[in-house]
Amino acid sequence: MGLPLSFEFFPPKTPEGAEKLRLVREQLYTVKPEFCSVTYGAGGSTQQGTFDTVRAIQAEGVAAASHFSCIGATKASVLDQLATLKSMGVKRLVALRGDLPSGYGLGGEFHYASDLVAFIRAETGTDFHIEVAAYPEVHPQAKSPDADLQAYATKVRAGADSAITQYFYNSDAYFRFVDDAYKLGAGVPVVPGIMPITSSTQLMRFSDASGAEIPRWIRLRLQAFGDDTASIKAFGLDVVTDLCDQLRNGGVPALHFYTMNQSATTLEIIKRLQLG
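1. A closer look at the overall build of the protein chain
Reasoning step 1: Per the secondary structure count, the protein chain includes 10 helices and 9 strands.
Reasoning step 2: For the protein chain, the C-alpha radius of gyration of 18 Å lies close to 19 Å, the compact-globule estimate for 276 residues.
Reasoning step 3: Within the protein chain, contacts between residues separated by at least 24 positions form 78% of all contacts whose residues are at least 6 apart in sequence.
Reasoning step 4: For the protein chain, the exposed area adds up to about 12900 Å²; of that, 52% sits on carbon and sulfur atoms.
Reasoning step 5: Positive and negative charge centroids in the protein chain, built from 25 and 29 side chains respectively, lie 1 Å apart.

And the structure:
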């Protein structure tokens, strides 16, 4: 049975990076993704890069979803960006609060992602499919797990169509989050975000920053491999394929891969799952 797939990219900073990403996309398109999303820098620092990459994906005949951050934004600037995306034929947005740049107050007219979702919905009706972020292991800045769930439910009530999760390696955390959200009446599809493991140092760094938990057994195994990148990749493939298998067996609506602008590992996982 097929399962819808989607991929996340970040905007390249150089012409070489853009060409490399074009080739990566070409390889990933072979498994027919439902859409590809493009991330957004803090404080709008990469808005142009985001839009350029979204434009390229749309031109390649694949649906592109633009990450849309509201930190420091005004209603006028959001309307302007929505008009630009609409003119590009974009039909899907990933609405986020966004990261606060260091030393930055809560400037702008939107303080929470739910404010942005409600505004987009009110101004554009059903023109866009709006995705929001979900945190099965609790947002790092949340006051409590319950407060985090309530914040998520508020985004759904504001008009979100579906959610994509922060990555995780414990399927129980995902299934419990979905159950708890449904109990609050937030019943939109929750798509698990999948982070392939290719480098232990990179994974530790990301996880420390994002609050995503690396189970102790995975952390210890990765540390034991030291600089043996081949073993790290082989172990990572096994772990992440098994995770995706558990999620698929549990009835997830789709899988969303954080590609880090690479194709090989993601494609291998999809092949092992016999989804491509």
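Once the structure has been displayed, the description carries forward.
2. Considering the packing of helix α6 (residues 171-183) against helix α9 (residues 229-249)
Reasoning step 1: Contact geometry for α6 and α9: axes closest at 10 Å, N-to-C directions at 30°. Viewed along their axes, α6 and α9 adopt a mutual orientation that is roughly parallel. Our pair here, α6 against α9, has a crossing hand that is right-handed. Where α6 abuts α9, its residues Ser171, Tyr174 and Phe175 lie against Leu243, Gln246 and Leu247.

3. Structural notes on the packing of aromatic side chains
Reasoning step 1: Inspection of every chain in the model, using the stated rule, returns 8 aromatic pairs.
Reasoning step 2: Relative to Phe235, the ring of Trp217 has its centre 6.0 Å away and its plane inclined at 85°; by these criteria the two rings are edge-to-face. Taken together, the positions of Trp217 in helix α8 (residues 216-225) and Phe235 in helix α9 put the pair 18 residues apart, joining distant regions of the chain.
Reasoning step 3: Taking relative accessible area as the criterion, Trp217 reaches 48% and is therefore assigned partly exposed.

4. Here we look at the pattern of salt bridges
Reasoning step 1: Tallying each qualifying case throughout the model produces 12 salt bridges.
Reasoning step 2: Among the salt bridges present, the one from Asp180 reaches Lys183, with a minimum N-O distance of 4.0 Å. Placement of both Asp180 and Lys183 in helix α6 is noted, with a separation of 3 residues, approximately one turn of the helix.
Reasoning step 3: Residue Lys183 is classed as exposed on the basis of its relative accessible area, which comes to 69%.
Reasoning step 4: Ionic pairing is found between Asp245 and Arg248, a salt bridge with its closest N-O pair at 2.9 Å. Pair noted here: Asp245 and Arg248 are both in helix α9, with a separation of 3 residues, about one helical turn.
Reasoning step 5: Owing to a relative accessible area of 22%, Arg248 belongs among the partly exposed residues under this scheme.
Reasoning step 6: One network of salt bridges, with partners in common, ties together Glu19, Arg22 and Glu26.

Definitions and cut-offs
Residues numbered from 1 in each chain as written. Predicted model: local features only at pLDDT ≥ 70, side-chain atom pairs only at ≥ 80, totals over all residues. Heavy atoms only, no water. Helix = DSSP H or I, 4+ residues; strand = E, 2+ residues; numbered from the N terminus. Rg over C-alpha atoms; globule rule 2.2 N^0.38 Å. Contact = heavy atoms within 4.5 Å. Areas by Shrake-Rupley, 256 points an atom, 1.4 Å probe, with all protein chains shown as cover. Lys, Arg positive; Asp, Glu negative; His and termini not counted. Charge placed at Lys NZ, Arg CZ, Asp CG, Glu CD. Axes fitted to C-alpha atoms, helices over the stretch in contact; angles between N-to-C directions. Parallel < 35°, antiparallel > 145°, perpendicular 65-115°, else oblique. Left-handed = near helix turned anticlockwise from the far one by under 90°. Phe/Tyr/Trp six-rings, centres within 6.5 Å; stacked < 30°, edge-to-face > 60°. Buried < 20%, exposed > 50% of the residue type's maximum accessible area, 1.4 Å probe, protein only. Salt bridge = Lys/Arg side-chain N within 4 Å of Asp/Glu carboxyl O.

Function cannot be read off these values alone, since they describe shape.
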